[in-house]
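Descriptive structure summary
Chain by chain, the residues run as shown.
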Amino acid sequence: MLFRSQAKASIPIESSAMATRTTSTRTLQFTLILLAAMTSIIGSLGAPLIGTVAQSNHITISTAQWILTATLATGALATPVMGRLADGHLQRRVVLFALAIVVVGLVMAAMSKDFTWLLVGRSLQGLGMGLLPVTMAIARSHLAPAQAAKTIATLSVTAAIGVGLGYPVTSVIAQYFDYHAAFWFATVMIGATLILAARVLPHTQARPRRDFDLVGAVILTFGLVSLLAVLGEGQVWGWTSTRSVTLGAGGVVFLVAWCLYELRRHDPLVNLRQSTHRAVITSDASGFLISMAMYLFMPVVVEYVQVSRSVGYGFGASIFTSGLLLVPLSVGTFTASSFVPRLVRHFNARITVPLGAMLFAVAALTFSFEHRSLWEAFVAMGIAGLGAGLTFAAMPGYIVRATPAADTGAALGFYQLLRSVGLSIGSAAAGAILAHYTASGATLPSQTGFLTTLDIGASLLIVAAVMSYLLLGDTPTTVSTPWVIEMMEESAELGATGLGLIGE
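Fair warning: this is a prediction, and the values are worked out from it, not measured in the lab.

Reading guide: rules and limits
- Residues numbered from 1 in each chain as written.
- Predicted model: local features only at pLDDT ≥ 70, side-chain atom pairs only at ≥ 80, totals over all residues.
- Heavy atoms only, no water.
- Helix = DSSP H or I, 4+ residues; strand = E, 2+ residues; numbered from the N terminus.
- Buried < 20%, exposed > 50% of the residue type's maximum accessible area, 1.4 Å probe, protein only.
- Contact = heavy atoms within 4.5 Å.
- Areas by Shrake-Rupley, 256 points an atom, 1.4 Å probe, with all protein chains shown as cover.
- Arc of directions from axis to C-beta.
- Phe/Tyr/Trp six-rings, centres within 6.5 Å; stacked < 30°, edge-to-face > 60°.
- Lys NZ or Arg CZ within 6 Å of the ring centre and 35° of its normal.
- Axes fitted to C-alpha atoms, helices over the stretch in contact; angles between N-to-C directions.
- Parallel < 35°, antiparallel > 145°, perpendicular 65-115°, else oblique.
- Left-handed = near helix turned anticlockwise from the far one by under 90°.
- Nonpolar A, V, L, I, M, F, W, Y, C, P; charged D, E, K, R; others polar.
- pLDDT = per-residue confidence, 0-100.
- Expected span 1.5 Å × (residues − 1).
- Patch = residues over 30% accessible without salt bridge, like charges linked within 9 Å, V, L, I, M, F, W, Y side chains within 5 Å.
- Salt bridge = Lys/Arg side-chain N within 4 Å of Asp/Glu carboxyl O.
- Polar contact = N/O pair within 3.5 Å; in protein donor to acceptor, adjacent residues only side chain to side chain.
- Core = buried A, V, L, I, M, F, W, Y, C linked by side-chain atoms within 4.5 Å.

**What about the overall build of the protein?**
Within the protein, the regular secondary structure consists of 21 helices and zero strands. The buried share of the protein, taken over its 504 residues, is 55%. By sequence separation, contacts in the protein at least 24 residues apart represent 80% of the contacts at least 6 residues apart. Summing over all exposed atoms, the protein offers an accessible surface of approximately 21,000 Å²; the carbon and sulfur share of this is 67%.

What follows is the structure in structure tokens.
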């Protein structure tokens, strides 16, 4: 009788413990998803605000483009550094430190009285762009395998869809108030997320200590910043000026030195040794070119539609309307990436990346040649989303198939770094091209500047399509869950693909 009483008494205690664990798991999942959504908000404070920032600060469109380029550049540098620091017991500290710096950057931007302070604030905000891999690492460390896989996939989808939702929200705030209000809105959101993360994120147990490659991080920073500075200001300084030539050559030397240093280091910041296979090199190069083209297309179209019709081109669209342009891009990306497994099964995997790149090129050329109505911009964005979804969901698959399981993370990490650098260089290059077509004393570039930028982006996409088709070759079409989960842990674009595969 006593035994029965004890057994009965233990039932509610066990149930309560299970309920507590379930609640704790759900709270952690919600917090991680919220963090992924916040990275989208940070990114959404870019393209739609470029026009109004240029007008308010009496600067050219090409100069205002730096509020996007600076954030992307910081994000590109932060991603490998934060990922490496989070590969141990510092996951929680990395998230909280990054969010705190982002809040500081947002307050600086919200209170800025000139463009310099705004640019510094935007640069600090770029740390938030490196949070997504850290959230995936936390999910992998603290959730059961099945829950971790689903959470990682959800994080990826949240980041992809969040861009399309974040642009309209921040745009409507900027339209009815000013762009400073958009930064105050983001400050409140990120601040609330920081408080929640401080309460919810668990501490990670200590792991074997790994040396942090500080020298590699510094060399990479010098190299990338030097090249971006030349791309962004070369038109002002003069492309053949001593400053431009020195910084450009120095940037190349730093990046070459970084590659050599990383190859020789036992515990490098980014493992380059796993990127020697033909499929890996081709995927890396294709990802770099397509990422460059993305920012030679997306912000350019957004800026174009905001130009007043009185100038002779443009549609005079509001900030909110231009922000809505990113909705079909996100929808197209999500839709196309979810169909990649079916394409791989029913057709040769070799066509996926070339098909996506060509669709993206068609989008850029469509708007370059047909830009008489605003609806054409929405159609072009939707087509671009389809192309981006196919390419970015498929390319990591080639890398996974070509590398041993133990080296997959390193190979995908380098791929993601090249993608981030490509986005930064694409944004800086777009600003340089628009600056070239901006007359002395004018604020806006000529229409030819916008269209030339789109044409160059389309050319890069065509090169990527041809290169990937010729060099990737035939690959096996069998799909297995382990490498899908591995890819989802390393690549944000695989979220939709991962959901589709897990559900089958």
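Picking up where we left off.
**Section: helix α6 (residues 115-125)**
Looking at α6, one finds that the buried residues are F115, L118, G121, R122 and Q125. With its buried residues spanning 125° around the axis, α6 presents them on a single face.

**Focus on unusual backbone geometry**
Within the chain, H58 stands out as a residue other than glycine whose phi angle is a positive 55°. Within the secondary structure layout, H58 lies in the loop between α2 (50-57) and α3 (61-64).

**Describing the packing of aromatic side chains**
Using the criterion set out here, one finds eight aromatic pairs in the structure. For the pair Y179 and F183, a centre-to-centre distance of 6.4 Å together with 85° between the ring planes defines the contact as edge-to-face. Within this pair, Y179 and its partner F183 are both found in helix α9 (residues 179-200), separated by four residues, close to a single helical turn. For the pair shown, Y179 and F183 are each scored as buried. Arranged with centres 5.4 Å apart and planes meeting at 90°, the rings of Y304 and F367 form a pair that is edge-to-face. Of the two residues, Y304 is situated in helix α13 (residues 298-306) and F367 in helix α16 (residues 352-369); the sequence distance between them amounts to 63 residues. Both residues of the pair, Y304 and F367, belong to the buried class. Over the aromatic face of W237 sits the side chain of R243, whose NZ or CZ is 4.9 Å from the ring centroid.

**A word on the packing of helix α4 (residues 66-85) against helix α10 (residues 214-237)**
One way to put it is that α4 packs onto α10 with a least axis distance of 11 Å and a crossing angle of 165°. The orientation of α4 relative to α10 falls into the category roughly antiparallel. Remark: the crossing between α4 and α10 carries right-handed chirality. In this structure, α4 contributes W66, A73, A76, L77 and V81 to the contact, and α10 contributes A217, L220, T221, L224, V225, L228, A229, G232 and E233. Here the residues of the contact of α4 with α10 sort into eleven nonpolar, two polar and one charged.

**Remarks on the packing of helix α5 (residues 91-111) against α6**
The N-to-C vectors of α5 and α6 enclose an angle of 160°; their axes lie 7 Å apart at closest approach. By the angle between their axes, α5 is roughly antiparallel relative to α6. In this structure, α5 crosses over α6, and the sense of that crossing is left-handed. For the pair formed by α5 and α6, the contact residues are I101, V102, V104, G105, L106, M108 and A109 on the first element and W117, L118, V120, G121, L124 and Q125 on the second. Looking at the contact of α5 with α6, its residues break down into ten nonpolar, three polar and no charged.

**A few points about the confidence of the model for the protein**
Summarising the model, the protein shows a mean pLDDT of 79, and 81% of its residues fall at 70 or more. Within the protein, helix α21 (residues 495-502) has the poorest average pLDDT of any element, 32, and α16 the best, 93.

**Some remarks on helix α11 (residues 242-264)**
Since the α-helix turns once every 3.6 residues, residues separated by three or four places project in the same direction. The end-to-end C-alpha separation of α11 is 33 Å, in line with the 33 Å expected for 23 residues at 1.5 Å each. Three or more residues of α11 are buried, namely S244, G248, G251, W258 and E262.

**Quick word on the environment of M136**
By the secondary structure assignment, M136 is in helix α7 (residues 131-142). Each C-alpha atom of the pair M136 and L155 lies 7.5 Å from the other, and the pair is 19 residues apart in sequence.

**Let's talk about a nonpolar patch on the surface**
Taken together, the side chains of I351, L355, M358, I462, V466, Y469, L470 and L471 define a hydrophobic patch exposed on the protein surface, amounting to about 650 Å² of accessible area. The dominant element in the nonpolar patch, judged by the number of residues it contributes, is helix α19 (residues 447-472), at five residues.

**Observations concerning the side chain of S322**
The residue S322 is located in helix α14 (residues 319-324) in this model. Exposure remark for S322: the relative accessible area of 0% places this residue in the buried category. Reaching out from S322, the side chain makes a polar contact with the side chain of Q306 at a distance of 2.8 Å. Not counting the four nearest positions on each side in its chain, S322 is found in contact with P48, V302, V305 and Q306.

**Comments concerning the nonpolar core**
In terms of nonpolar packing, the biggest core is built from 134 residues, with L49, F183, F297 and V301 touching the most fellow members. Per-element tally for this core: the top contributor is helix α17 (residues 374-402), with 13 residues. Leave out the neighbours within four places in its chain, and L49 touches I67, A174, Y179, A182, F183 and I319.

**Remarks on the environment of L220**
Checked against the element boundaries, L220 lands in helix α10. You can call L220 buried: its relative accessible area is 5%. When the C-alpha positions of L220 and F254 are compared, they lie 7.0 Å apart, and in sequence the two are 34 residues distant. With near-sequence residues (within four places) excluded, L220 lies in contact with L77, L255, W258, L269 and L417.

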